[in-house]
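# Descriptive structure summary
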Amino acid sequence: MSDAFIGTSIDIAATLLKKGEAVAIPTETVYGLAANALDTRAVAKIFSIKQRPTFDPLIIHVADFDKVVDYVKEIPEIFKKLAAKYTPGPVTFLMKKKDIIPDIVTAGSPYVAIRIPNHPVTLELLKKVEFPLAAPSANPFGYISPTTAEHVADQLGSKVYYILDGGSCDVGVESTILALDENGEVEVLRKGGLSIEAIEKETGTVTVRDTSVSNPEAPGMLTSHYAPRVPLVLGDIHTLSAASNSNRTGIIAFSNFLPGIPTKHQIVLSPSGNFTDAARNLFAGMRYLDNCDIDVIFAEPVPESDLGIAINDRLRRAAHRDHPVT
Ligand code: TXA
Ligand code: MG
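Residues numbered from 1 in each chain as written. Chains lettered and ligands numbered in written order. Predicted model: local features only at pLDDT ≥ 70, side-chain atom pairs only at ≥ 80, totals over all residues. Heavy atoms only, no water.

## Concerning helix H7 (residues 196-203)
- When we look at burial in H7, the residues that qualify are Ile 196, Ala 198, Ile 199 and Glu 202. Buried positions in H7, seen along its axis, are confined to an arc of 160 degrees and lie on one side of it.
- Here the buried face of H7 lies against helix H3 (77-86), strand S9 (176-180), strand S10 (186-190), strand S11 (207-208) and helix H10 (308-319).
- Count one or two residues on from H7 and you reach Gly 204, which has phi positive near 75 degrees. (Buried < 20%, exposed > 50% of the residue type's maximum accessible area, 1.4 Å probe, protein only. Helix = DSSP H or I, 4+ residues; strand = E, 2+ residues; numbered from the N terminus. Arc of directions from axis to C-beta. Contact = heavy atoms within 4.5 Å.)

## Some words on empty space enclosed by the protein
- Counting across every chain of the model gives 1 cavity of 30 Å³ or more.
- Computed from the structure, the largest cavity encloses a volume of approximately 30 Å³.
- Together, Lys 191, Gly 192, Leu 194, Ser 195, Ile 196, Asp 306, Ile 309 and Ala 310 line the largest cavity.
- Residues that form the lining of the largest cavity fall into these classes: 4 nonpolar, 2 polar and 2 charged. (1 Å grid on protein atoms, 1.4 Å probe; cavity = no way out; pocket = protein on both sides within 12 Å on 5 of 7 lines; lining within 4 Å. Points joined across faces, edges and corners; volume = space filled by probe spheres on them. Nonpolar A, V, L, I, M, F, W, Y, C, P; charged D, E, K, R; others polar.)

## Here's the deal with the packing of helix H1 (residues 10-18) against helix H5 (residues 120-128)
- Running from N to C, H1 and H5 point in directions that differ by 45 degrees, and their axes come no closer than 10 Å. Compared by their axis directions, H1 and H5 come out oblique. Like other packed secondary-structure pairs, H1 and H5 cross with a definite hand, here right-handed. Together, Ile 10, Asp 11, Ala 13, Ala 14, Leu 17 and Lys 18 of H1 and Val 121, Glu 124, Leu 125 and Lys 128 of H5 make up the contact between the two elements.
- The class makeup of the residues in the contact of H1 with H5 is 6 nonpolar, no polar and 4 charged. (Axes fitted to C-alpha atoms, helices over the stretch in contact; angles between N-to-C directions. Parallel < 35°, antiparallel > 145°, perpendicular 65-115°, else oblique. Left-handed = near helix turned anticlockwise from the far one by under 90°.)

## Describing H10
- For H10, with 12 residues, the first-to-last C-alpha span of 16 Å sits near the 16 Å given by 1.5 Å per residue.
- Within the span of H10, buried status applies to Gly 308, Ile 309, Ala 310, Ile 311, Asn 312, Asp 313, Arg 314, Leu 315, Arg 317 and Ala 318.
- As for H10, its buried residues are in contact with S10, H7, strand S12 (232-234), strand S13 (249-253), helix H9 (275-290) and strand S15 (296-299). (Expected span 1.5 Å × (residues − 1).)

## Looking at the sheet that holds S15
- Spatially, 4 strands are ordered S12-S15-S13-S14 in an open sheet, and the strand pairing comes out parallel. Looking at strand neighbours, the two that pair on one side only are S12 and strand S14 (266-268), the edges of this open sheet. Taking the axes of each pair of neighbouring strands and ignoring which way they run, one obtains an average angle of 15 degrees across the sheet.
- Sheet analysis places S13 next to S14, joined by 3 bridges and oriented parallel. When the bridges of S14 are listed, Ile 251 appears paired with Gln 266.
- Where H10 meets the sheet, its contacts fall on S12, S13 and S15, and the angle it forms with S12 comes to roughly 130 degrees. (Pairing = 2+ DSSP bridges.)

## Thoughts on the domain arrangement of the chain
- Entries for the chain in the domain assignment read domain 1 (6-208) and domain 2 (232-318).
- Relative placement of domain 1 and domain 2: their C-alpha centres are 28 Å apart.
- Domain 1 puts 21 residues into the contact, and the matching count from domain 2 is 16 residues.
- With both chains or domains summed, domain 1 and domain 2 bury close to 1600 Å², and 54% of this area falls on carbon and sulfur atoms.
- The largest per-residue losses of area from domain 1 upon contact with domain 2 belong to Ile 144, Val 173 and Lys 191, which jointly make up 35% of the total buried on that side.
- Counting across the domain 1 and domain 2 interface gives 2 salt bridges.
- Here domain 1 is connected to domain 2 by 8 residue pairs in polar contact (both at pLDDT 80 or more).
- Going through the elements one at a time, helix H6 (149-156) and H7 are the ones with two or more residues in the side of domain 1 that touches domain 2.
- Taken together, the residues of the side of domain 1 that touches domain 2 sort by class into 8 nonpolar, 8 polar and 5 charged. (Domains from an automatic or database assignment. Buried area = accessible area lost by both parts, 1.4 Å probe. Salt bridge = Lys/Arg side-chain N within 4 Å of Asp/Glu carboxyl O. Polar contact = N/O pair within 3.5 Å; in protein donor to acceptor, adjacent residues only side chain to side chain.)

## Re the confidence of the model for the chain
- Taken as a whole, the chain shows an average pLDDT of 93; of its residues, 92% reach a score of 70 or greater.
- Contacts from residues 212-220, a stretch scored under 50 in pLDDT, to residues over four places away or in other chains number 16 contacts. (pLDDT = per-residue confidence, 0-100.)

## Regarding the packing of aromatic side chains
- If you walk through the whole model with that rule in mind, you get 4 aromatic pairs.
- The interplanar angle of 50 degrees and the centroid separation of 4.9 Å between the aromatic rings of Phe 79 and Phe 93 together place this pair among those described as tilted. Here Phe 79, found in helix H3, pairs with Phe 93, found in strand S5 (residues 91-96); they are 14 residues apart in sequence, far enough to count as distant. One exposure class covers both Phe 79 and Phe 93, and it is buried. (Phe/Tyr/Trp six-rings, centres within 6.5 Å; stacked < 30°, edge-to-face > 60°.)

## Points about the pairing of S15
- Where burial is concerned, the two faces of S15 agree: the one with Val 296 and Phe 298 and the one with Ile 297 and Ala 299 are both buried.
- Where S13 lies against S15, 4 bridges are found, and the strand directions are parallel. What sits directly across from Ile 251, in S15, is Phe 298.

Right under this line is the structure:
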């Protein structure tokens, strides 16, 4: 299934990256497929391996917020404040790029998305290479994001030489993406691993842009993202499962098993009702069910607060099938 070399050598990863290759790397959110962000040919390999359309821009990763000044024209004060509090961490900032960032990274946009991942292995790797790493999630375009090295190997193993193994991802959903609107107010372009409540503690009320359809500001956030191959339906799992063949049904529930459906076809995200655990288990659970012999997955929304907001967003996208999953 996989020809990839999974290992823990930061040296091997750094050497390959310096040669212009793409390498899968761990982050606290999901695994990324990384390449030298300043090298157009290396970045092009990411698009080709992922089968990702080139209109969908990439996030760049740096070791320290002090490095951001090398790549953007100016850093808004509010981003400095948020970065001081929440980086390294699951948050990405959109800022006006300097010319050193190739257009392929930003899909021609004057803005570049930057984050400092909170993973010790990748922070060390970033310090070893002298360039920032462009890295989208290491899944084929449209499929569920990987939260272990094995997930990457299962899907991209024949296309990447090296997967740097940093264990399973601690956060489990992608970073929250922040931009400034025309009035200089913070807006959320993607709900993610840093909660809106945490952001609002520093900024006051923020707006959340509706990214449920393809959005010119964040063109990659098509609704079919994060989709399993088995159809996923979001709603009341009791009602939905009442009319279904119980042996062919999968369940994603927040904290309780559903009577009448085989336990092996049920993912309970967090028996104690904890959002952190639920986010961590979400993508692995979706993958697990996608590989079970079932016809449909019924998922219930979790309470809409804290990381529950990002979890529900990913479930909604997984349920939305108006684009073919690639
Ligand atoms: O947690 C994460 O952010 C992970 C890890 C690997 O860092 N990365 C990730 O990358 O989720 P990706 O490519 O799967 O999603 C990045 C999203 C895309 O939807 C893209 O459209 C948006 O960020 N984005 C990137 N650069 C942008 C830009 N210049 N302007 C607007 N949106 C941008
Ligand atoms: Mg992605």
